[in-house]
Amino acid sequence: MWKNYIKIAWRNLWKNPIYSMINIGGLGIGIACCLLIFQYVAFEFSFDEFHENASDIYHVSWSRVQNEGEPSVNTATGWQVGPALAEETPDVRRYVRIHPEYGSAVVSNSDHPVKTFEEEKVYYVDSTFFQLFTFPLVYGDASRVLEPGTLVLSQSAAKKYFGEEDPIGHSLDVTGWFGGEFHYHGVVNGVFKDVPTNSQLQFEFLVPMSGLFQQSEYNDPSTGWGWNNFITYVQLRPDTDPVEVDRKFTEIYMRHRQENFQRSNVRAYVTTSPFRDVYLNEDLALYSFAKGSSRAVYFFIIIGLITLLIALFNYINLSIAGALGRAREVGVRKAVGAQKFQLIFQFISESALTVFISTVLGFAIAGFVLTTVNSLADVGLTFWLWKSSGFWFVFPFLFFVIILISGLYPALMLSSFRSMDVLKGNKGTFKGGSRMREGLIVFQFAISIVLLVGTIVVYKQVNYMQHMDLGMNLEQVMTVPGPKLIPDGVDRTNAVETFTQRLSSLSPVGEIATSGSIPGKGFAFGTNGFRKASADQSEEIAASGTSIDTSFINLYGLELVAGDIKNRSYLVPEGEPSHILINETAAYSLGFDKPKDALGEELSHGLVIGVLKDFNWSSAHHARENTIFYLSPNNPYISIKLGTENLPETISAIEALYKQHFPGNPFQYAFVDEQFDQLYKNDHRFARLFVVFTSLAIFIACLGLLGLATYTTRQRTKEIGVRKVLGASVSGIVALLSKEFVRLILLAILIASPIAWYVMNRWLQNYAYQIELKWWMFVGAGMAAIVIALLTVSSQAVKAALMNPVNSLRSE
Amino acid sequence: MIKLSNIDKYVDSKFQRVFILKGIDLEIEQGEFVTLMGPSGAGKSTLLNIIGLLDDDYVGDYEFEGEMVNKMKEKQRHALHKKEFGNIFQAYHLIDELTVYENIETPLLYRSVSSSERKSIVAELLDRFNMVAKKDLFPAQLSGGQQQLVGIARAIAGKPRVLLADEPTGNLHSNQAKQIMEVFAELNREGTTIIQATHAEENAAYGNRLLEIVDGKIEEDKILIK
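Predicted model, so just to flag it, every value in this text is computed and none were measured.

Student: Can you lay out the domain arrangement of chain A for me, pointing to particular residues and giving the numbers?
Tutor: Note on interface size: it is often stated as the accessible area lost on association of the parts. Residue and element names in this part refer to chain A. The domains assigned to chain A are domain 1 (1-47 + 294-432), domain 2 (54-137 + 194-278) and domain 3 (477-678). Measuring from the centre of the C-alpha atoms in domain 2 to the corresponding centre in domain 3 gives 29 Å. Contacts between domain 2 and domain 3 engage 15 residues on the former and 14 residues on the latter. In this assembly, domain 2 packs against domain 3 so that about 1100 Å² is buried in total across both faces, 40% of it on carbon and sulfur atoms. Of all residues in domain 2, V106, E118 and R263 bury the most surface against domain 3, accounting for 42% of the area lost on that side. The tally of links between domain 2 and domain 3 comes to two salt bridges.

Student: Talk me through the packing of helix 16 (residues 492-504) of chain A against helix 19 (residues 647-661) of chain A; I want residue IDs and the actual numbers.
Tutor: All names here are of chain A. Running from N to C, helix 16 and helix 19 point in directions that differ by 155 degrees, and their axes come no closer than 10 Å. In terms of axis orientation, helix 16 runs roughly antiparallel to helix 19. Crossing of helix 16 against helix 19: the hand is right-handed. Together, T498, F499, R502 and L503 of helix 16 and I654, L657, Y658, Q660 and H661 of helix 19 make up the contact between the two elements. Taken together, the residues of the contact of helix 16 with helix 19 break down into five nonpolar, three polar and one charged.

Student: Before we move on, can you summarise the pattern of salt bridges with the specific residues and values?
Tutor: Residue and element names in this part refer to chain B. Tallied over the entire structure, the rule returns 38 salt bridges over all chains. Among the ionic pairs, D56 bridges to R77, the shortest N-O distance being 2.8 Å. Here D56, found in the loop between helix 1 (44-51) and strand 4 (59-64), pairs with R77, found in helix 2 (residues 74-84); they are 21 residues apart in sequence, far enough to count as distant. For R118, the salt bridge is made with E105, and the minimal N-O distance between the two is 2.9 Å. Placement of R118 in helix 4 (residues 115-128) and of E105 in helix 3 (residues 100-109) is noted, with a sequence separation of 13 residues between them. Given a relative accessible area of 14%, R118 falls into the buried group.

Student: For the UniProt feature "domain: ABC3 transporter permease C-terminal" (unreviewed entry) in chain A, give the residues involved together with the corresponding values.
Tutor: If you check UniProt for "domain: ABC3 transporter permease C-terminal" (unreviewed entry), the listed places come out as residues 301-415 and 692-804 of chain A in our numbering. As annotated, residues 692-804 of chain A comprises 85% helix and 0% strand, and the C-alpha atoms at either end are separated by 41 Å.

Student: A description of empty space enclosed by the protein should follow, citing residues and the corresponding values.
Tutor: Evaluation of the coordinates by the stated rule reveals three cavities of 30 Å³ or more. The volume enclosed by the largest cavity comes to roughly 90 Å³. When grouped by side-chain class, the residues that make up the lining of the largest cavity number four nonpolar, six polar and two charged. Computed from the structure, the second largest cavity encloses a volume of approximately 60 Å³. Looking at the second largest cavity, the residues that line it are A335 and V336 of chain A together with F85, G86, N87, P107, R111, R154, A155 and G158 of chain B. The set of elements that each furnish at least two residues to the lining of the second largest cavity consists of strand 6 (85-88) and helix 5 (144-157) of chain B.

Student: Describe the UniProt feature "transmembrane region" (unreviewed entry) in chain A, naming the residues involved and giving the relevant values.
Tutor: According to UniProt, the positions carrying the feature "transmembrane region" (unreviewed entry) are residues 21-43, 296-316, 343-370, 390-417, 438-459, 686-708, 741-760 and 775-793 of chain A. Counting secondary structure, residues 741-760 of chain A comes out at 100% helix and 0% strand; the distance between its end C-alpha atoms is 27 Å.

Student: Requested: an account of the pairing of strand 17 (residues 541-548) of chain A, with residues and values cited.
Tutor: Residue and element names in this part refer to chain A. Burial analysis of strand 17 places six of its eight residues in the buried class, the great majority of the element. Of the strand pairs in this sheet, strand 16 (residues 525-530) and strand 17 are connected by four bridges, and their pairing is antiparallel. Directly across from F530, in strand 17, lies its bridge partner I541. The pairing of strand 17 with strand 22 (residues 627-631) spans five bridges and is classified as parallel. Residue pairing in the sheet places I548 in a bridge with L631 of strand 22.

Student: Which residues make up helix 16 of chain A, and what are the values?
Tutor: Residue and element names in this part refer to chain A. Its 13 residues give helix 16 an end-to-end C-alpha distance of 18 Å, which sits within 8% of 18 Å, the value for a rise of 1.5 Å per residue. Among all positions in helix 16, only R492, A495, V496, F499, T500 and L503 are buried. When helix 16 is viewed along its axis, its buried side chains cluster within an angular range of 130 degrees and face the same direction. Taken together, the buried residues of helix 16 touch strand 9 (171-177), strand 10 (181-192), strand 15 (509-515), strand 23 (637-642) and helix 19.

Student: Quick rundown of a nonpolar patch on the surface? Include the residues and the values.
Tutor: All names here are of chain A. A cluster of nonpolar side chains, contributed by L747, L750, I751, I755, W757, Y758 and V759, occupies part of the molecular surface with about 690 Å² of accessible area. With respect to the helices and strands, the residue L750 is situated in helix 23 (residues 730-764). The exposure class of L750 is exposed, given its relative accessible area of 64%.

Student: Describe unusual backbone geometry, and please don't skip the residues or the numbers.
Tutor: Of note in the backbone geometry, L146 of chain A takes a positive phi value of approximately 65 degrees without being a glycine. Mapping L146 of chain A onto the fold places it in the loop between strand 7 (137-140) and strand 8 (150-154). You can call L146 of chain A buried: its relative accessible area is 3%. In this structure, S112 of chain B takes a positive phi of about 50 degrees despite not being glycine. When you line up the elements, S112 of chain B lands in the loop between helix 3 and helix 4. Relative accessible area serves as the criterion here: at 67%, S112 of chain B is assigned to the exposed category.

Student: For the side chain of S515 of chain A, give the residues involved together with the corresponding values.
Tutor: Residues and elements named next belong to chain A. Along the chain, the position of S515 falls in strand 15. The class for S515 is buried, based on a relative accessible area of 0%. Within the local environment of S515, its side chain forms a polar contact with the backbone oxygen of S517, the two atoms lying 2.8 Å apart. In this view, S515 contacts T546, S547, I548, F552, N635, P636 and Y637; residues no more than four positions away in its chain are not counted.

Student: If you had to explain the confidence of the model for chain A to someone new, which residues and values would you point to?
Tutor: Low pLDDT means the predicted atomic positions in that stretch should not be read closely. Of all residues in chain A, 98% have pLDDT values of 70 or greater, and the mean over the chain is 86. Note on residues 426-430 of chain A: pLDDT under 50 across the span, and 11 contacts to partners over four residues away in sequence or across chains.

Student: Now, about the sheet that holds strand 6 of chain B: what can you tell me, with residues and values included?
Tutor: All names here are of chain B. Read from one edge of the open sheet, six strands run 6-7-8-3-9-10, paired in mixed fashion. For this open sheet the edge positions go to strand 6 and strand 10 (217-223), each flanked by a neighbour on one side alone. Neighbour-to-neighbour, the strand axes of this sheet turn through a mean angle of 15 degrees, independent of strand direction. With five bridges connecting them, strand 3 (residues 33-37) and strand 8 (residues 193-198) associate as parallel partners. Across the sheet, residue T35 finds its bridge partner in strand 8, namely Q196. Sitting on the sheet, helix 6 (residues 174-189) touches strand 3, strand 6, strand 7 (162-166) and strand 8, and the angle it makes with strand 8 is about 150 degrees.

Student: Explain the interface of chain A and chain B residue by residue, including any values.
Tutor: Each partner contributes to the interface: chain A provides 26 residues, whereas chain B provides 27 residues. Across the chain A to chain B interface the summed buried area is about 2400 Å²; carbon plus sulfur atoms make up 53%. Broken down residue by residue, the surface that chain A buries against chain B is led by R11, V336 and M420 of chain A, which jointly contribute 24%. Here chain A is connected to chain B by four salt bridges. Where E102 of chain B meets R11 of chain A, a salt bridge forms, and the shortest distance between an N and an O atom there is 2.5 Å. Looking at which element gives the most residues to the side of chain A that touches chain B, the answer is helix 1 (residues 2-15) of chain A, with seven residues.

About the criteria used
- Residues numbered from 1 in each chain as written.
- Chains lettered and ligands numbered in written order.
- Predicted model: local features only at pLDDT ≥ 70, side-chain atom pairs only at ≥ 80, totals over all residues.
- Heavy atoms only, no water.
- Domains from an automatic or database assignment.
- Contact = heavy atoms within 4.5 Å.
- Buried area = accessible area lost by both parts, 1.4 Å probe.
- Salt bridge = Lys/Arg side-chain N within 4 Å of Asp/Glu carboxyl O.
- Axes fitted to C-alpha atoms, helices over the stretch in contact; angles between N-to-C directions.
- Helix = DSSP H or I, 4+ residues; strand = E, 2+ residues; numbered from the N terminus.
- Parallel < 35°, antiparallel > 145°, perpendicular 65-115°, else oblique.
- Left-handed = near helix turned anticlockwise from the far one by under 90°.
- Nonpolar A, V, L, I, M, F, W, Y, C, P; charged D, E, K, R; others polar.
- Buried < 20%, exposed > 50% of the residue type's maximum accessible area, 1.4 Å probe, protein only.
- UniProt positions renumbered as here; feature names shortened; annotations may be inferred.
- 1 Å grid on protein atoms, 1.4 Å probe; cavity = no way out; pocket = protein on both sides within 12 Å on 5 of 7 lines; lining within 4 Å.
- Points joined across faces, edges and corners; volume = space filled by probe spheres on them.
- Pairing = 2+ DSSP bridges.
- Expected span 1.5 Å × (residues − 1).
- Arc of directions from axis to C-beta.
- Patch = residues over 30% accessible without salt bridge, like charges linked within 9 Å, V, L, I, M, F, W, Y side chains within 5 Å.
- Areas by Shrake-Rupley, 256 points an atom, 1.4 Å probe, with all protein chains shown as cover.
- Polar contact = N/O pair within 3.5 Å; in protein donor to acceptor, adjacent residues only side chain to side chain.
- pLDDT = per-residue confidence, 0-100.

This is the structure in structure tokens:
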């Protein structure tokens, strides 16, 4: 019996090679999409699973609520928070604080200064780091690493700085910048295996926390709660109730901050989040940690399933169409004694064969396009899904479901044919399932149209953001980090000053400015205590900012609404407030009617000497913030405005000058506009993937349409013949055959438009600056769908219309 | 063996009831070779379908070997059909995707006959109809007469007691038709009850009973003496 079924199925596949290719190809592509997406999703969900204590580690964040307003979430805490929690509750087994190198540090091999590089992946951590997290050491003793005066680095960093030499016992110098240069000298006493890609902690160098605490400000315990620059992780005892822990932590936090909070009418809420969930949680953005997006992950899961569904519908559709050709077989089988369940079984097993071949094809396609997907999506996927045991639980189930979905309806329909009806006369013809078929086509195209509208909207939005007027001019601005390695006895400010004076004498160099941060790199500091000097502490608001020099405003094309910075001295007499500039948003937030009114006012952070027209310091994802610019001559970043000619020569001239003035410092340059574009990397990636999946979905839907058009025209050959004999023109027949499909697509447009409008509106809400949804986006997508469908259908229609009616009308 | 009493078959259209069969009373004994004759649309095929248990949408009583068929459950009726009846069609209705051998084998598969037994039954039938050399060909590669021979072989593979043939020679040349009718006569001599519907006068001569059907009624029922 089995042999008979498989034989029939196999021969049927070969009998209609075009149907079979459409069927298997479509399903294969759908399955390949699914596999790739699930591989990606599995990768995203695998983050931080490799830690032995993963289930007991929690990230500590806290929200600040002032005057019963909106809570502002802080993912970082002060340095006192970790120790306080560990000391005051028995639930905490260990804690570790991580202080990223905000910005970059210069690391050099102490014995071979040639090996000097700019490094960003530097963490300052507590000595409990290796007990809490699981990062295997290649060299070194887990209990001795991170002792004061030591340093740990990754295998590849060890190779970079020490070559094949054993790094243990050698030392490195780390020079970072925390409001001024900060120097650390450490002896390497451990090397860890390179951090896996599915770790949210991404680092190459670990410096003991004791090193950071040499800085004088850490002697003052009051800084331990207010300065939120430490990321705190705790390992709780296994049976701890997380809700109870949050309550206790909140209580401890409030107790320590009581005095301070009462004055400003602030409440704090401490929240612990499971370590494994932090990566995908968009609300917990951690500086210099890898960040995923649960929204994107769920989006791709849905897209994957939709693509698969479209492919399945194709299969069902073509099976129904093909079923009519097999009605006679069903009739015969029934007449010779087949029972209904036997027929159902037969057709389901045929589906199983097709699905099996498609699955094999799907795996092949997925393997084949993996590298393309990797470069498109900017990920490093490898196929390991099939090695995991979970996959083998889910996959057979999925396989079974696919077979059932694709096979059940055609099987039921076919097996219900009555032999009496289908065996009558010479040719068994049977009409049926056409409603279902039309429904499936409408569904497929509705989805395709939603995706088309999505593509248009996503592209428009990304384009809009990228070309939005930032209120700043980032063109031809090059930045280099200022020197961090300063020889003893040299004043950094003076050294930079001399450098910039020499630099400005180079002909293509325009203005030169220094600042604490640069556009696209975030602000240098944030505060919750911004207010008018005269105002009550309960009126404090949040603000961010950076230090700048006097040339900065001009170089970046920022516009002053009020005040000026010409001839301003950086030095403010003792006891007088420092000089600051604020943006319009800040002026309004502080309660000034007009931005101008803020001029000359004394604020918590200094005296306002200028008000700037609003600008976008960060990407269009973020709304404008209250912004403070300090005037300061000593800043880590140097920005240089360049002319367009002789760029390579100019750069090498700058490099030569840099090396001459700041010996030992690595020269690393970047262009601000390019760096700013990096902020849209994820959006571009999203848009690209969107296009890929939309094209695939439409391609599969078209395959189905093609199969169906082939089938219908074949079925209507006789009718077409009669019409031609009666005088119908070719174009008339093409129109007749196409009309039916256009009607279905129009219905799909009607269904898809409101869905697309709703979904894309929701999506746009993620952006602070959004485009408007316009009617033409929907009409455009609908027209595109109609054109694509017509092109698909018309080839068949024209073929049928050109056929000689004599052939089709020959008697049977 | 077969006893039909007062069988009516009709379709209701909007304004009237159209009878396809009306008041059919018929008894057929085992071993008879009955020919149904009559113009197109007289109801021959319908009567054959009712006898062959392919159509259960009628009024009246149908007894098979003393059992009331019209009171049977679907499952019993299906089992009875499988056991006792073989169908032969005008358009042969072979399964195009199966070879001659596989086509003949199909009814045996639905009767759960063991593999070795299937082989011997099919081999015997191929031998009997001189088709051993053609066993691996597909229906499209055969002439009409050969296809109908396969149709007959398939119909008798399950060893049914009643063979129902609806215009078995309708698509064949006279020579081929003669050959088919001779096979029928031989099967009948071996004891198979045969009921055929046909337009051709000469086919009736092979049988021993002739029923003239006109407008859904049996007009004439005569015994043929050879």
